[in-house]
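So you can see what is in the structure, the chains are spelled out below.
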Amino acid sequence: MGIREFPSGTAKGKTVAIGMRRSPDVSPRRLSDISPQLRQLKYLVVDEAIKEDFKWSRSVEDLTSASIGLTSIEERILRITGYYGYQPWAASYKRDERSHDSPAPVEAQAQAGMEAGARGSRCCWTFSLTQLKKMFWGMVVVLGVCSSWSGSTQLAKLTFKEFNAPFTLTWFATNWNFLFFPLYYIGHVFKSAEKQTPQQRYRECCQFFGENGLTLKAFFTKAAPFGVLWTLTNYLYLHAIKNINTTDVSVLFCCNKAFVFLLSWIVLRDRFMGVRIVAAILAIAGIVMMTYADGFHSHSVIGIALVVGSASTSALYKVLFKLLLGSAKFGEAALFLSMLAVFNILFVTCIPVILYFTNAEYWSFDAIPWGSICGFSVLLLTFNILLNFGIAITYPTLISLGIVLSVPVNAVVDHYSSNIDFNSVRVIAIVIIGLGFLLLLLPEEWDEWLIKLISRLKERKKEEIPEGNGDIVSGLQNKSRRTRPSMSSFSH
């Protein structure tokens, strides 16, 4: 309220009709609202010199001012009487100025069309280059995600032959997360135009934890729970590798996408999508078929249960992060992941020590395979970097495809390195879980895009059919003209 529809009022010096003033707070919509002004029209005297200008201005205004080219009678009367502050006698000067200053309408339209076409083609060219660039980097990221994830899984399988300690390996690999923020700051220094010191960048990223920054309370309430979920996810995944082959582990872990959707639908009240429900059902069916493929042996059932538990904790981690912390920028995400390493060093270190002295996970310091352990940690760190920061250079869907592509890579390695029976049930289970994962990658507007694509294809077919018929008809006409004998031939 308080905003007037016509704040400028009428023009100064208006002498068309004496006393034809309006209230600044009234916006008439009917002729009855201005009946006193209409009664004074009979006393209105207009010079002969401006009658033609009146006619011209009214016709132009009536044709150009409305959205559909026409105006109501009330609008015409209000404009003629000067209610809107319109001076019809100034139209002739505007018309002369437009005729002298602006080019011809046809030339102006042609010039504007050429400029718009040039801008459109330039924008399309830039857009296509951007898309090609993103697709190129997307392929690089996909290969990086696929190789790092499958490589870390295979290397963990080899490590357990000499170092049978999955929790200690999890603790050691999680400590490498401390490198997230230093690596991010190095990239910030090389890329950003405004250079900041590490302390300034750290304080700015600490605002993600609250107004007071990274306090002790914020650390225990916002970082510690995710540290526990992170450790559980990696430990259950590595412990499952000891019981079943890497192909089954990698394909079953893809079910975490379905678990994320189900938890988001229940907890975050995300949009319901039937295709994602179908994908979740396919994931569950694939888990059952994978268990049936090994004949429900104890070691396979335990391994499958461990992978499903790892996928569940990973989904819980992602949903709780979105619920409690929302979305994070790259610097904030890097600092958060580094804080997980700090939590791991301060509060989880005691667990590997206890496992060592209780002989639950016994190893000898002289026989630790440092090469494979460090290689696994580097590959896992690379995978997490690409997974969290690859969105800066490519599409999230392409990043997720790298996880799916790691399944056939692990299958090929397992086929040549170990005796695995890839029976029909296991193959069908892998295909079903992979199909469910791909269905979960569909965007929310996929049905609208599909409808638009189908409608465009139908329009193109309708446009092509008349053109084809026209060509056929014209060909028949030309053929009849060529075969029809002329009257002059008979005269001879």
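It should be emphasised that the depicted structure is a prediction, and the values quoted were computed from it without experimental measurement.

Novice: Hey, could you run me through the overall build of the chain in this one?
Specialist: Tallying secondary structure elements over the chain gives 20 helices and 0 strands in all. Counting over 492 residues, the chain shows a buried share of 35%. The long-range share in the chain, meaning contacts at least 24 apart out of those at least 6 apart in sequence, stands at 79%. Carbon and sulfur atoms make up 64% of the accessible area of the chain, which totals about 30100 Å².

Novice: I would appreciate a short explanation of the packing of aromatic side chains in the present structure.
Specialist: Each pair of aromatic rings is reported with the distance of its centres and the angle of its planes. Enumeration according to the criterion identifies 33 aromatic pairs in this entry. Here Phe220 and Phe347 contribute two aromatic rings whose centre-to-centre distance is 5.5 Å and whose plane-to-plane angle is 65 degrees, an arrangement assigned as edge-to-face. Of this pair, Phe220 sits in helix H9 (residues 216-241) while Phe347 sits in helix H14 (residues 330-348), and the two are 127 residues apart along the sequence. What makes Phe220 partly exposed here is its relative accessible area of 40%.

Novice: Please clarify how H9 should be interpreted in this entry.
Specialist: Counted at 1.5 Å a residue, the expected span for H9 with its 26 residues is 38 Å, and the 36 Å between its end C-alpha atoms agrees. Along H9, the sharpest kink reaches roughly 40 degrees, centred on Ala223 and followed within four residues by the proline Pro225.

Novice: Is there a simple way to think about the confidence of the model for the chain in this case?
Specialist: Atom-level detail of predicted coordinates should not be read off regions where pLDDT is low. Residues at a pLDDT of 70 or more form 68% of the chain, whose mean pLDDT is 75. This model gives residues 83-110 a pLDDT under 50, and the stretch forms 33 contacts once residues within four places in sequence are excluded. For residues 479-492, every residue scores under 50 in pLDDT, and the model assigns this stretch 1 contact once sequence neighbours within four places are set aside.

Novice: Sorry, what's going on with a nonpolar patch on the surface here?
Specialist: A contiguous nonpolar patch, built from Trp265, Ile266, Val267, Phe272, Leu323 and Leu324 and spanning about 580 Å² of accessible area, is present on the exposed surface. Put simply, the parts of the chain that give the nonpolar patch at least two residues each are helix H11 (256-267) and helix H13 (298-324). Looking at which element gives the most residues to the nonpolar patch, the answer is H11, with 3 residues.

Novice: Is there a simple way to think about the side chain of Ser310 in this case?
Specialist: In this structure, Ser310 sits in helix H13. Its relative accessible area of 0% is what places Ser310 among the buried residues. Residues within four places of Ser310 in sequence aside, it is in contact with Thr233, Leu236, Tyr237 and Phe253.

Novice: Help me understand the environment of Ala279, please; the structure alone is not making it clear to me.
Specialist: Of note, Ala279 is situated in helix H12 (residues 274-293). Ala279 sits in the buried class, given a relative accessible area of 0%. Excluding residues that lie within four positions of it along the chain, Ala279 makes contacts with Gly436, Leu439 and Leu440.

Novice: What's the story with the environment of Thr394 in this structure? I'm lost.
Specialist: Tracing the backbone shows Thr394 in the loop between helix H16 (370-389) and helix H17 (396-417). Look at Thr394 and you get buried, because its relative accessible area is 1%. For the pair Thr394 and Gly138, spaced 256 residues apart in sequence, the C-alpha to C-alpha distance is 5.0 Å.

Novice: I keep staring at the packing of H11 against H13 and nothing clicks. Help me out?
Specialist: Contact geometry of H11 with H13 gives a least axis separation of 8 Å together with a crossing angle of 40 degrees. The pairing of H11 with H13 is recorded here as oblique in orientation. When you trace H11 past H13, the crossing you get is right-handed. Two secondary-structure elements touch here, H11 through Asn256, Phe259, Val260, Leu263, Ser264 and Val267 and H13 through Val308, Ala311, Ser312, Ser314, Ala315, Leu316, Lys318, Val319 and Leu323. Split by residue class, the contact of H11 with H13 holds 10 nonpolar, 4 polar and 1 charged.

Novice: Help me out: how do you make sense of unusual backbone geometry in this one?
Specialist: Backbone geometry follows two general trends: most residues other than glycine have a negative phi, and most peptide bonds adopt the trans configuration. With a phi close to 65 degrees, Asn359 is a non-glycine residue in the positive phi region. In this structure, Asn359 sits in the loop between helix H15 (350-357) and H16.

Novice: Is there a simple way to explain the side chain of Asn384 in this structure?
Specialist: Within the secondary structure layout, Asn384 lies in helix H16. Take Asn384: its relative accessible area is 8%, and that puts it in the buried class. At 3.0 Å, the side chain of Asn384 forms a polar contact with the backbone oxygen of Leu380. Beyond its immediate sequence surroundings of up to four residues, Asn384 is in contact with Phe180 and Trp230.

Novice: Help me out: how do you make sense of H12 in this one?
Specialist: Given 3.6 residues per helical turn, the α-helix brings residues three or four places apart onto the same face. Its 20 residues place the ends of H12 28 Å apart at the C-alpha level, agreeing with the 28 Å of an ideal helix rising 1.5 Å per residue. For H12, the full list of buried residues reads Val275, Arg276, Ala279, Ala280, Ala283, Gly286, Ile287, Met290, Thr291 and Ala293. Down the axis of H12, the buried side of the element spans an arc of 165 degrees, and every buried residue falls inside it. Those residues of H12 that are exposed and angled more than 90 degrees off the buried face are Ile281 and Tyr292. One or two residues past the end of H12 sits Gly295, with phi positive at roughly 80 degrees.

Novice: What is the right way to read the state of the cysteines from this model?
Specialist: Simply put, the disulfide is a covalent bond whose two ends are the sulfur atoms of two cysteines. Taken as a whole and assessed by the stated rule, the structure comprises 0 disulfides. In this structure Cys206 is not part of a disulfide, and its nearest cysteine sulfur, from Cys205, lies 7.3 Å away. Judged by relative accessible area, which is 5%, Cys206 ranks as buried. Cys255 carries a free sulfur, and the closest cysteine sulfur to it, the one in Cys254, is 7.2 Å from it. Taking relative accessible area as the criterion, Cys255 reaches 1% and is therefore assigned buried.

Novice: What is the right way to read the pattern of salt bridges from this model?
Specialist: Close approach of charged atoms lets side chains of opposite charge pair. Applying the stated criterion across every chain, the model contains 2 salt bridges. Between Asp248 and Arg426 there is a salt bridge, and its shortest N-O distance comes to 3.2 Å. In this pair, Asp248 is assigned in helix H10 (residues 246-253) and Arg426 in helix H18 (residues 424-440), connecting sequence segments 178 residues apart. The same class applies to Asp248 and to Arg426, which are both buried.

How each quantity is defined
Residues numbered from 1 in each chain as written. Predicted model: local features only at pLDDT ≥ 70, side-chain atom pairs only at ≥ 80, totals over all residues. Heavy atoms only, no water. Helix = DSSP H or I, 4+ residues; strand = E, 2+ residues; numbered from the N terminus. Buried < 20%, exposed > 50% of the residue type's maximum accessible area, 1.4 Å probe, protein only. Contact = heavy atoms within 4.5 Å. Areas by Shrake-Rupley, 256 points an atom, 1.4 Å probe, with all protein chains shown as cover. Phe/Tyr/Trp six-rings, centres within 6.5 Å; stacked < 30°, edge-to-face > 60°. Expected span 1.5 Å × (residues − 1). Bend = angle between axes of the 7 residues up to and from the residue. pLDDT = per-residue confidence, 0-100. Patch = residues over 30% accessible without salt bridge, like charges linked within 9 Å, V, L, I, M, F, W, Y side chains within 5 Å. Salt bridge = Lys/Arg side-chain N within 4 Å of Asp/Glu carboxyl O. Axes fitted to C-alpha atoms, helices over the stretch in contact; angles between N-to-C directions. Parallel < 35°, antiparallel > 145°, perpendicular 65-115°, else oblique. Left-handed = near helix turned anticlockwise from the far one by under 90°. Nonpolar A, V, L, I, M, F, W, Y, C, P; charged D, E, K, R; others polar. Polar contact = N/O pair within 3.5 Å; in protein donor to acceptor, adjacent residues only side chain to side chain. Arc of directions from axis to C-beta. Disulfide = S-S within 2.5 Å.

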